[in-house]
Amino acid sequence: MWYDFFTNPVFVAVVILLILSALRLNIVFSIIIAAFTGGLMSGIGDVKTLEAFSNGLGNGAKIAFNYAMLGAFSIVISRSGLTELLAQTLLKKLNKEVTNQRIMHFKFALLFLLALISMSSQNLIPIHIAFIPILIPSLLQIFAKFKLDRRAVACILTFGLITPYMCLPFGFGRIYINDILIGNLKSNGMTVAPAVSIKAMAIPALGMLAGLLIAVLISYRKPREYDESKIETVSPSNEEIKPIKVIAGVIAIIAGFTTQIMLDSLFIASLAAVLVFVIARVISLRDTQDVFVQGVYLMGGIGIVMIAASGFAEVMKATGGVNELVDMISGGLGSNRGLAIFMMLFIGLLITMGIGSSFSTVPLIAAIYVPLCMKLGMSPEATLAVVGVAGALGDAGSPVSESVLGPTAGLNADGQHDHIYDSTIPTFVHFNIPLLIAGWIAGMVL
């Protein structure tokens with residue numbers, strides 16, 4: 001069993017992806033090499049591997065287009081001076097409160113506010129990572145004044161992007177818990193009432209919270225220096241802020257958020273925000289060309305990674321390696337509940353680390369996991385927790401996950417935040433390990 005596990009094409013491909021990324025090879029190159037290695041190891045051949053990868057690229061096109069438009073949204077908001085006004089207000093407040101104790105209180109209040117904003121982006125105002133490139137670059141000067149380690153901020157943002165959808169059935173949580181998680185449990189023979197989802201996912205959520213507290217209060221508590229001259233080129237503080245632009249910025253944000261909620265379309269929401277600026281004559285029709293180009297430069301990198309990740313996911317499905325992994329649990333662990341739960345969670349981590357989407361992992365694993373949980377005599381609450389955590393594991397700490405790429409896009413606006421060593425590894429360590437432990441406990445006690 002263990003030989004088959006370690007030679008499984010999905011396992012090998014994900015390990016290669018992580019190693020190459022850690023060695024600082026470009027993430028897209030790493031994805032391509034890992035995908036082709038997994039395809040060739042599975043025996044499907046180079047032609048079918050290339051065909052599967054190419055077919056998968058189309059699945060990521062919509063995401064890439066959304067991110068390009070989101071980048072344009074971010075650029076017009078930055079031109080409004082709205083985020084700059086926020087940064088200047090915070091700086092003035094900070095300069096008045098110069099005692100170490102007040103600075104510490106101000107620092108933690110800011111971190112708490114970022115956590116609330118990030119959590120709201122999943123449930124209250126479901127815009128996912130859209131707020132990050134708009135808000136975070138303008139706050140880099142504040143972070144530098146505090147000597148705040150951006151790895152702590154990355155952990156806060158990732159926590160807010162994952163925990164709410166994992167445990168609260170609202171916004172994106174409604175899709176993950178009600179539609180995907182409970183829906184797949186039901187289609188595989190287990191009926192679960194939506195009301196029990198909060199109870200079932202409470203222990204895993206506490207694991208995520210424990211990881212966040214360790215990151216902020218222990219791991220990244222010490223001051224870290226950043227070059228403020230580089231930050232000023234990203235968010236200059238000496239530009240004149242005009243009221244008409246600020247008002248247009250507020251209206252554009254409201255228009256964008258409202259459109260996103262009503263039509264569930266990120267690119268239409270972004271277009272609505274840009275049109276507000278055109279109508280208000282803050283930017284001209286000719287300026288929209290420059291806005292879009294800068295938007296692609298800002299967020300296009302994430303889109304390309306997500307396109308490549310879609311190709312990787314398609315190759316992994318074509319290899320049959322995912323089915324082999326979940327079949328190993330069913331056939332090789334017998335009635336050992338503790339070991340079976342651990343392996344279900346670990347394989348979920350492995351799959352999500354590769355494809356970067358918890359929403360895509362659950363349908364892949366539920367067909368085997370649900371019957372196995374029933375065979376082990378696990379309750380519906382325990383099954384919901386195990387399958388839900390198995391899907392969510394790896395969303396933090398995956399180099400191809402939106403929940404990690406998003407924070408990097410904002411924190412690396414000045415080129416001083418590394419995607420792998422400042423976002424991927426910190427979020428992997430502080431969230432996947434506690435979530436793995438909490439998920440195992442939930443599966444054993446519920």
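Please refer to the structure placed before this passage.
## Some details on the overall build of the protein
Then comes step 1: The number of helices and strands found in the protein is 21 helices and 0 strands.
Then comes step 2: Relative to the globule expectation of 22 Å for 446 residues, the C-alpha radius of gyration of the protein, 22 Å, shows essentially globular dimensions.
Then comes step 3: Viewed in the frame of its principal axes, the protein has a C-alpha envelope of about 70 × 50 × 40 Å.
Then comes step 4: Here the protein, with 446 residues, has 55% of them falling under the buried criterion.
Then comes step 5: Residue pairs at least 24 apart in sequence account for 82% of intrachain contacts in the protein once pairs closer than 6 positions are excluded.

## Focus on the nonpolar core
Then comes step 1: The biggest cluster of nonpolar side chains holds 139 residues, and the ones touching the most others in it are Ile31 and Phe143.
Then comes step 2: Take this core: its biggest share by element is 12 residues, from helix H9 (residues 150-167).
Then comes step 3: Setting aside anything within four residues of it in sequence, one finds Ile31 in contact with Leu17, Phe53, Val305, Ala308, Ala309, Phe312 and Val400.

## So, the pattern of salt bridges
For side chains of opposite charge, pairing can occur when their charged atoms come near one another.
Then comes step 1: A full pass over the atoms with the stated rule returns 7 salt bridges.
Then comes step 2: Taking the shortest distance from any N to any O, the salt bridge between Arg150 and Asp414 comes out at 2.8 Å. Residue Arg150 is located in helix H9, and its partner Asp414 is located in the loop between helix H20 (402-411) and helix H21 (419-445); the two are separated by 264 residues in the primary sequence. When sorted by exposure, Arg150 lands in the same class as Asp414, which is buried.
Then comes step 3: Sharing partners across several salt bridges, the network here consists of Asp149, Arg151, Arg224 and Asp422.

Calculation rules
- Residues numbered from 1 in each chain as written.
- Predicted model: local features only at pLDDT ≥ 70, side-chain atom pairs only at ≥ 80, totals over all residues.
- Heavy atoms only, no water.
- Helix = DSSP H or I, 4+ residues; strand = E, 2+ residues; numbered from the N terminus.
- Rg over C-alpha atoms; globule rule 2.2 N^0.38 Å.
- Buried < 20%, exposed > 50% of the residue type's maximum accessible area, 1.4 Å probe, protein only.
- Contact = heavy atoms within 4.5 Å.
- Core = buried A, V, L, I, M, F, W, Y, C linked by side-chain atoms within 4.5 Å.
- Salt bridge = Lys/Arg side-chain N within 4 Å of Asp/Glu carboxyl O.

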